[in-house]
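# Coordinate analysis (summary)
So you can see what is in the structure, the chains are spelled out below.
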Amino acid sequence: MEKTEKTAAELLKEKLLRNPKNGGLRMGEDEIAGAFGFCAPYMEFLDKAKTESEAVKATIGILEENGFVPFDPAKKYTAGDKVYQSIRGKALVFAAVGKRPLSDGVRIVASHVDSPRLDLKPNPLYEDSELALFKTHYYGGVRKYQWAAIPLALHGEVIRKDGTAVTVSIGECESEPVFTINDLLPHLAKDQSERKLKDGIKGEELNVLIGSLPIRDEKISDKVKLNVMKLLNEKYGIIEDDFQSAELSLVPAGKARDIGLDRSMIGAYGHDDRVCAYTSLMASLEATSPEYTWVNVFADKEETGSKGKTGLDAYFLEYFIADLAKPHGIEGRTVLANSKCLSADVTCAFDPSFPDVSDKRNNAFLGYGACIMKYTGGGGKSSTNDTDAKFMGEIRMMLDSAGVIWQTGELGKVDQGGGGTVASFISRLGADTVDIGVPVLSMHAPMETVSKIDVYNTYLAFKAFLV
Ligand code: MN
Ligand code: MN
């Protein structure tokens, strides 16, 4: 067919109007294969990092393999030095010192490595009607009805009576048992079905089934409870009182999986926000001789409001930067005032089954790349870090010149709900800060879904920012 000339209006449209396009059309086939390849080790990372502690441990392993050493606040670090600081094993700060003086500012990427889950209560173990169960208290924004009748694994740490610690993990290997929360059969769910969805399973009904076999002794009560405690004691050397000095969590059991016949997506527990942690980690490892010093933060407690010593409302990031700058005779605040930050956390992808919660013109789409959010918050942008046009302009130019596929988005329709993340805890230190992240379907569900194209382009965005 003969090629027809474009009309003046067509050319004008190309010049003046936006033309968003799926990353699958914008990337070459080799590049898409590369993105899929990038995601294979990410899926392995997710399988190893189901709690913040496991994520920090796995990351320190990767950092040490790549020449990062524990940070010593008394030392003066210079260009090319690579350090990390574990914040009580639950959060992590790591950095590579750049060629420019610290007074020129640093590049900060901040994500979080905690995810919604079910924590055991301090006195979790009980027997009722000859079943042994654990009482739980949910952590983060959990839609409780989603957690019944699925396989769960137990992860965490117990401090025994003598002060020794034992790490617990049951339910991830095929040979190990899993646990589950019971739901009603439809035949008898007449009353439950009338409940509001948020109460489909109530908080006090999130009880985890852990045993049904009694210990063989006619004389004692709670035979099933004693039997499971005996098994826990044999495996971990713990007694019932040890639960009081423990952090044990139920998380969805099993591995990350490809989703779709085209294998273009990943279904897994905890993309929020280990997807930003992992992609920023991979970018960091390729930015070890940076122009500007970069600081990468994996925070804890984001899902409960960033409070506590390992959440970003604490001072560890500010202190780390002050300690890094002090031997150079520079104040931490001087560094921060000239710093720039990508606050990295997932956002909602448009879901065609629930179109009413989003403004289609201003929502992230799966496969359209990393999502930049100028602001988050709820209602009239309440509690948001609304970045300025100047910094948005800088980020836009940086991403475009690096060929990153990216989009902008808001978290749903105005007044539909909303949310926020760690951006405000960093912008208050004076750094230019904007939100970036991977669009997610079924966010906070036991299985969340992301696009491999988006995961890869978020990594490219971090790389453009850090190198
Ligand atoms: Mn998050
Ligand atoms: Mn979240």
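Our subject is the structure listed above.
Everything in this summary refers to the structure shown in the same document. This structure is a prediction, so every number in the text was calculated from the model and none was measured.

What follows is about the overall build of the protein. A tally of helices and strands in the protein yields 12 helices and 23 strands. Computed over the C-alpha atoms, the radius of gyration of the protein is 24 Å, within 12% of the 23 Å expected from 2.2 N^0.38 for a compact globule of 467 residues. Classification of the 467 residues of the protein by burial places 49% in the buried group. When the accessible surface of the protein is summed, it comes to about 22900 Å², and 52% of that surface belongs to carbon and sulfur atoms. The average position of the 56 basic charges and that of the 67 acidic charges among the side chains of the protein differ by 2 Å.

A word on the coordination of the manganese ion (ligand 1). Coordination of the manganese ion (ligand 1) by the protein involves His112 (NE2), Asp272 (OD), Asp345 (OD) and Asp345 (OD), with metal-donor separations of 2.1 to 2.4 Å. Taken in chain order, the donor set of the manganese ion (ligand 1) reads H-x159-D-x72-D. Separating the manganese ion (ligand 1) from the manganese ion (ligand 2) is a gap of 3.2 Å, bridged by aspartate 272, which donates to each. Placement of histidine 112 in strand E4 (residues 107–112) and of aspartate 272 in helix H7 (residues 271–285) is noted, with a sequence separation of 160 residues between them. We note that histidine 112, like aspartate 272, is buried.

Taken together, the protein ligands of the manganese ion (ligand 2) are Asp272 (OD), Glu303 (OE), Glu303 (OE) and His444 (NE2), with distances of 2.0 to 2.6 Å. Sequence spacing of the donors to the manganese ion (ligand 2): D-x30-E-x140-H.

The space that makes up the largest pocket amounts to roughly 1100 Å³. Forming the boundary of the largest pocket are 37 residues, of which Cys348, Leu411, Gly418, Ser442 and Met443 lie nearest the centre.

Bringing the state of the cysteines into the picture now. If you walk through the whole model with that rule in mind, you get zero disulfides. Free cysteine cysteine 39: the closest other cysteine sulfur is in cysteine 276, separated by 13 Å.

Pairing geometry for strand E5 (residues 117–128) and strand E6 (residues 131–139), over eight bridges, is antiparallel. Paired with aspartate 119 across the bridge in E6 is histidine 137. Here E5 folds back onto E6 in antiparallel fashion, the turn holding two residues, of which serine 129 has a positive phi close to 55°. Pairing analysis gives two bridges linking E5 to strand E11 (residues 246–252), with the strands arranged antiparallel. Across the sheet, leucine 118 pairs through a bridge with leucine 250, a residue of E11.

Moving on, we get to the packing of aromatic side chains. Tallying each qualifying case throughout the model produces 17 aromatic pairs. Plain terms: the ring middles of tryptophan 147 and tyrosine 269 are 6.4 Å apart, the flat faces sit at 85° to each other, and that makes the pair edge-to-face. Taken together, the residues tryptophan 147 in the loop between E6 and strand E7 (152–159) and tyrosine 269 in the loop between strand E13 (265–268) and H7 connect sequence positions 122 residues apart. Accessibility expressed as a relative area gives 0% for tryptophan 147, which makes it buried. Given a relative accessible area of 8%, tyrosine 269 falls into the buried group. Through pairs of rings, three or more aromatic residues link up here, namely Phe38, Tyr42, Phe45, Tyr278, Tyr456 and Tyr459. In this structure, arginine 117 is placed above the aromatic ring of tyrosine 139, and the distance from its NZ or CZ to the ring centre is 3.8 Å. When the ring centre of tyrosine 375 is taken as origin, the NZ or CZ atom of lysine 381, which lies over that ring, is 3.8 Å away.

What follows covers the sheet that holds strand E12 (residues 257–259). Spatially, the three strands line up as an open sheet ordered E12-E13-E23, and their pairing is antiparallel. Across the chains shown, the open sheet's two edge strands, defined by having one partner strand only, are E12 and strand E23 (448–451). The sheet shows a mean angle of 35° between the axes of neighbouring strands, taken without regard to direction. As paired strands, E12 and E13 are joined by three bridges and run antiparallel to one another. If you follow aspartate 258 over to E13, its bridge partner there is isoleucine 266. Of the strands in this sheet, E13 and E23 touch H7, which is tilted by about 35° from E23. Here helix H12 (residues 452–466) sits on the sheet in contact with E12, E13 and E23, set at roughly 65° to E23.

Across the sheet, seven strands lie side by side as E8-E7-E11-E5-E6-E10-E9; this open sheet has antiparallel pairing. Sheet topology places strand E8 (165–170) and strand E9 (180–181) at the edges, where each strand pairs with a single neighbour.

Criteria and cut-off values
- Residues numbered from 1 in each chain as written.
- Chains lettered and ligands numbered in written order.
- Predicted model: local features only at pLDDT ≥ 70, side-chain atom pairs only at ≥ 80, totals over all residues.
- Heavy atoms only, no water.
- Helix = DSSP H or I, 4+ residues; strand = E, 2+ residues; numbered from the N terminus.
- Rg over C-alpha atoms; globule rule 2.2 N^0.38 Å.
- Buried < 20%, exposed > 50% of the residue type's maximum accessible area, 1.4 Å probe, protein only.
- Areas by Shrake-Rupley, 256 points an atom, 1.4 Å probe, with all protein chains shown as cover.
- Lys, Arg positive; Asp, Glu negative; His and termini not counted.
- Charge placed at Lys NZ, Arg CZ, Asp CG, Glu CD.
- Donors = N, O, S within 2.8 Å, 3.2 Å for Na, K, Ca; no water.
- 1 Å grid on protein atoms, 1.4 Å probe; cavity = no way out; pocket = protein on both sides within 12 Å on 5 of 7 lines; lining within 4 Å.
- Points joined across faces, edges and corners; volume = space filled by probe spheres on them.
- Disulfide = S-S within 2.5 Å.
- Pairing = 2+ DSSP bridges.
- Phe/Tyr/Trp six-rings, centres within 6.5 Å; stacked < 30°, edge-to-face > 60°.
- Lys NZ or Arg CZ within 6 Å of the ring centre and 35° of its normal.
- Axes fitted to C-alpha atoms, helices over the stretch in contact; angles between N-to-C directions.
- Contact = heavy atoms within 4.5 Å.

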